[in-house]
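# Fold and contact review
Each chain, letter by letter, is given below.
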Amino acid sequence: MKKRVLQDVKIGVFALCFVFAAVLTVLAFLPEGGDVTVAEKFHASSVPVSLADQTEQILASGTLRNGSDRVVTVERLELDVKGLEQPLVLQNIALPPRADLPLTLSVVSTGSADRVTSVRVTVDGKTRELRNPAVTDAFAYAALPLALTILFAALTAHAAIVRVYLRQKTDVADSPAKSAAG
């Protein structure tokens, strides 16, 4: 009896984990909403400017894409760069309809930078974070949730098979006792 209850609990837990991982997988495969997306990943690099002052020029570059049929004005583009305290900001960018626009931002700082950690745009007064790398690499976002979905599906199926086996074993064990009494 304890084994059957334990299998029922396993089935329930694995099934819940399967559903959660499946929802995450579906969300990872959904395209990014909005007109403005990242077409090419934003990268950051630093180049020494002055060895005496220990200053470096930090360059961040990438490409924004306008997926709509109208000109979209990005009121503010913010790039959080690892190594910088303040984000790099570019304002009032006009994106032509159905076009990609390569962008480069530069600043001189005392620290070095190696990567862009976040990309935020403000369009029509609403700020939202964009995926970086580009949305075309959706499988990279979905690989882990997809693997977990497959794993939990297999664990749920295995637990259900064991539960059926335990039920059949109990039925077979009870059968001879009933037939002997009858």
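See above for the structure.
Read on for an overview of the structure. All values derive from a computational prediction rather than experimental measurement.

What counts and how
- Residue numbers restart at each chain and count upward from 1, following the sequence in its written direction.
- Side-chain atom pairs in this predicted model are given and counted only at pLDDT of 80 or more, local residue features only at pLDDT of at least 70, and totals for whole chains, interfaces and linings cover all residues.
- Neither water nor hydrogens contribute to the side-chain values; these are computed over all heavy atoms in the structure.
- What counts as a salt bridge is simple: a side-chain nitrogen of Lys or Arg found within 4 Å of a carboxyl oxygen of Asp or Glu.
- Under the scheme applied here, a residue whose accessible area is under 20% of the maximum for its type counts as buried, over 50% as exposed, and between as partly exposed, the area being computed with a 1.4 Å probe on protein chains only.
- Counting from the N terminus, the helices are DSSP H or I runs at least four residues long and the strands are E runs at least two residues long.
- Following DSSP output, two strands are said to pair if at least two bridges run between them.
- Only C-alpha atoms enter the line fits that serve as axes; for helices the fit covers just the stretch in contact. Angles between N-to-C directions range over 0 to 180 degrees.

### Focus: the pattern of salt bridges
Counting across every chain of the model gives seven salt bridges. Here Arg 76 and Glu 78 are joined by a salt bridge, their closest N and O atoms 2.7 Å apart. By relative accessible area, which is 14% here, Glu 78 ends up buried. The shortest N-O distance in the salt bridge between Arg 120 and Glu 78 comes to 2.8 Å. One end of the pair, Arg 120, is in strand E6 (residues 116–123); the other, Glu 78, is in strand E3 (residues 72–81), with 42 residues separating them in the sequence. One salt-bridge network, held together by shared partners, links Arg 76, Glu 78, Asp 80 and Arg 120.

### Quick notes on the sheet that holds strand E5 (residues 99–109)
With respect to topology, three strands assemble into an open sheet ordered E1-E2-E5, the strand pairing being antiparallel. Single-partner strands in this sheet number two, and they are strand E1 (36–50) and E5. Averaged over all pairs of adjacent strands, the angle between strand axes in this sheet comes to 15 degrees, irrespective of strand direction. Inspection of the sheet shows E1 paired to strand E2 (residues 55–66) by 11 bridges, in the antiparallel sense. Following the sheet pairing, Val 38 is matched in E2 by Leu 64.

### Considering the sheet that holds strand E7 (residues 126–130)
With antiparallel pairing, the four strands of this open sheet are ordered in space as E4-E3-E6-E7. The open sheet is flanked by strand E4 (88–95) and E7, the only strands paired with a single partner. Averaged over all adjacent pairs, the angle separating strand axes in this sheet is 25 degrees, with direction ignored. Across seven bridges, the pairing between E3 and E4 is antiparallel. For Arg 76, the partnering residue across the bridge sits in E4 and is Gln 91.

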